[in-house]
Amino acid sequence: MRFKEKLTFDINIADEIDPEILTIPPLLLQPFIENAIWHGLMHKIEGGTIWLKISQPTEGVLHAEITDNGIGRAAAAQLKSKSATRQKSFGMKVTSERIAAINQIYNTSTKVEVIDLADADGRAIGTTVIVETPL
């Protein structure tokens, strides 16, 4: 609501997934979406879009892709380093620790991959985070 028309989103859940039945660990995706907003889209005057795509490529794996068309991680890091109010963000560290704990407790192998997106000229055009978790 704070971003009004500056933030659009698209959620696509594959037809074979029943969201009433399939569950994932709480707050697994939220930190990645929040990072996309704060670090990728917040600095764009015109705003941007977040796409969330949930699929099940095999019976035992849930695949979640969070993509934004923000300024990219390198530009966001530069802005953060120039900020007079630099704050240490622990969101990704805590999320990484949660995933490690989930993997240990449930003997699973949830994986996270971060991909920097660029156009043909090498300019940053956003970020994709892929989270794969066994079901």
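Residues numbered from 1 in each chain as written. Predicted model: local features only at pLDDT ≥ 70, side-chain atom pairs only at ≥ 80, totals over all residues. Heavy atoms only, no water.

Engineer: Quick one: what's the story with the overall build of the chain, residue by residue and with numbers?
Structural biologist: The secondary structure content of the chain amounts to three helices and five strands. When the helices and strands of the chain are listed from N to C terminus, the series reads β-α-β-β-α-α-β-β. The proportion of buried residues among the 135 residues of the chain is 30%. (Helix = DSSP H or I, 4+ residues; strand = E, 2+ residues; numbered from the N terminus. Buried < 20%, exposed > 50% of the residue type's maximum accessible area, 1.4 Å probe, protein only.)

Engineer: Pulling in residues and values, what's your account of unusual backbone geometry?
Structural biologist: Positioned with a positive phi, Asn-107 is a non-glycine residue whose angle comes to about 50°. With respect to the secondary-structure elements, Asn-107 resides in the loop between helix H3 (91-106) and strand S4 (111-118). Judged by relative accessible area, Asn-107 falls into the exposed class, the value being 71%.

Engineer: An account of the pattern of salt bridges is needed here, citing residue identities and associated values.
Structural biologist: All told, the structure shown has five salt bridges when counted by the stated rule. A salt bridge links Glu-46 to Lys-44, with the nearest nitrogen and oxygen atoms 3.6 Å apart. Looking at Lys-44, the relative accessible area reads 15%, which means it is buried. Where Lys-93 meets Glu-97, a salt bridge forms, and the shortest distance between an N and an O atom there is 2.8 Å. Of this pair, Lys-93 and Glu-97 both sit in helix H3, four residues apart, roughly one helical turn. Its relative accessible area of 44% is what places Glu-97 among the partly exposed residues. Taken together, the shared-partner salt bridges in this structure form one network comprising Asp-119, Asp-121 and Arg-123. (Salt bridge = Lys/Arg side-chain N within 4 Å of Asp/Glu carboxyl O.)

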